[in-house]
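Fold and geometry: a report
Take a look at the letters that make up each chain.
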Amino acid sequence: MPRIPRFFMNDPRAAYHVISRTALPGHDVLGDEEKEHLLHLISWLSQVYFVEVYGFAIMGNHFHFLCRMLPEEQFSDEELKRRIKLYYGEKRKIFFYEDMLKKWRKRLGNLSRYVQDIKQRFSRWYNKRVDRKGYFWADRFKSVIIETGEALLNCLAYIELNPVRAGIVEKPEDYRWCSLGYRARRGTGKTFLSLDLGLQRYEGKSEKEKLELLREFVYGKGGLGEPDRGTGETFRQRTRYFTESLAIGSKGFVKETAAELKKFLGLKREKKIKIIEKLADMALI
């Protein structure tokens, strides 16, 4: 039976929480070296594809990341050529022509190709390293549509707290392979990560100020650290709607997504919308 085509929203507000698990048994398939190589691939390919990455967490048998695909038309042909060269390496001679650029423009704006590239490259590297054949990743990756703004911030906090929930560290900054840990090591200089979350209170702030706002929010949601950081523990347990839903956001955004999904799948009934009271009255389907 052929796979159902993956549903994507053609909406600049739509970000995606991507989750993928290994096919190999055990909870610690991804050791330090594997995590470091996977992080390298995510970092490198995020500078090739038309994508804005907000955060990630690489765990022992799965990974999460949160991203938004950027409109293809905002990139010039010169920028497209630069990214193709980055993909192949400066030493390779490339002849550019119109059909080729058209094909690459479509490819670099596609979430499925982006995630597939990361996973396939990692699989080849891993299999060669341990002298094995076969699948490394289980099935297709999951993706939950997340509206930029409050929903995006909440989902990012959930992702950052993965190593805390797993009992690996007490604070996310102490985990090398989540985005808060990465940001703590790299500082607020230029990286492949973005803090442009679509929130008014982040506008006009420096990168350092944005990072501190994010950290305070994550600490508040996780009930971490000093008393003035917050006492809640909203995301200290696994919150299934961030991984099992189709879309999360404001009621209007989710309603629009449900209508688009209905047309995409040819459904007669719209998906039921549920209000999430603990997340400032956000909704999900």
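These remarks concern the structure in this document. Please read all numbers here as calculations on a predicted model, not as lab measurements. (Residues numbered from 1 in each chain as written. Predicted model: local features only at pLDDT ≥ 70, side-chain atom pairs only at ≥ 80, totals over all residues. Heavy atoms only, no water.)

1. Section: unusual backbone geometry
- Positioned with a positive phi, Asp131 is a non-glycine residue whose angle comes to about 60°.
- If you trace the backbone, Asp131 turns up in the loop between helix H4 (111-130) and strand S4 (142-147).
- For Asp131, a relative accessible area of 73% translates into the label exposed.
- Phi is positive for Asp139, which is not a glycine, with a value near 55°.
- Assignment of secondary structure puts Asp139 in the loop between H4 and S4.
- Exposure remark for Asp139: the relative accessible area of 69% places this residue in the exposed category. (Helix = DSSP H or I, 4+ residues; strand = E, 2+ residues; numbered from the N terminus. Buried < 20%, exposed > 50% of the residue type's maximum accessible area, 1.4 Å probe, protein only.)

2. Some words on the pattern of salt bridges
- In the structure shown here, the tally under the stated rule is 21 salt bridges.
- Of the charged contacts in the structure, one is a salt bridge between Arg183 and Glu160, with a shortest N-O distance of 3.9 Å. Of the two residues, Arg183 is situated in helix H7 (residues 179-186) and Glu160 in helix H5 (residues 150-160); the sequence distance between them amounts to 23 residues. As far as burial versus exposure is concerned, Arg183 and Glu160 are alike and both buried.
- Here Arg240 and Glu244 are joined by a salt bridge, their closest N and O atoms 3.9 Å apart. (Salt bridge = Lys/Arg side-chain N within 4 Å of Asp/Glu carboxyl O.)

3. Remarks on the packing of helix H1 (residues 32-46) against H4
- Across the interface, H1 lies against H4 with an axial gap of 10 Å and an inter-helix angle of 145°. Once H1 is placed against H4, the crossing between them reads as right-handed. Contacts between H1 and H4 involve Glu33, Glu34, His37, Leu38, Leu41, Ile42, Trp44, Leu45 and Ser46 on the former and, on the latter, Tyr114, Asp117, Ile118, Arg121, Phe122, Trp125, Tyr126 and Arg129. (Axes fitted to C-alpha atoms, helices over the stretch in contact; angles between N-to-C directions. Left-handed = near helix turned anticlockwise from the far one by under 90°. Contact = heavy atoms within 4.5 Å.)

4. Looking at the nonpolar core
- Grouped together as the largest cluster of nonpolar side chains are 95 residues, with contacts concentrated most on Ile58, Phe65, Leu111, Tyr114 and Ile248.
- The element best represented in this core is H5, accounting for eight residues.
- Contact partners of Phe65, with chain neighbours within four places excluded, come to Tyr16, His17, Val18, Ile42, Gly55, Phe56, Tyr114, Val115, Ile118 and Ile159. (Core = buried A, V, L, I, M, F, W, Y, C linked by side-chain atoms within 4.5 Å.)

5. Here's the deal with the pairing of strand S3 (residues 62-69)
- With eight of its eight residues buried, S3 lies for the most part within the structure.
- Burial of the side chains of S3 extends over both faces: His62, His64, Leu66 and Arg68 are buried on one face and Phe63, Phe65, Cys67 and Met69 on the other.
- Of the strand pairs in this sheet, strand S1 (residues 14-21) and S3 are connected by six bridges, and their pairing is antiparallel. Residue pairing in the sheet places His17 in a bridge with Leu66 of S3.
- The pairing of strand S2 (residues 51-58) with S3 spans seven bridges and is antiparallel. Residue pairing across strands places Val51 opposite Met69, the latter belonging to S3.
- The antiparallel pairing of S2 with S3 creates a hairpin that spans three residues between the two strands. (Pairing = 2+ DSSP bridges.)

6. Overview of the environment of Leu153
- Its location among the elements puts Leu153 in helix H5.
- Given a relative accessible area of 0%, Leu153 falls into the buried group.
- Along the chain, Leu153 and Val218 lie 65 residues apart, while their C-alpha atoms are 8.9 Å from each other.
- Aside from chain neighbours lying at most four places away, what touches Leu153 is Leu197, Leu199, Arg201, Tyr202, Leu214 and Phe217.

None of the figures reported here should be taken as evidence of function without further support.
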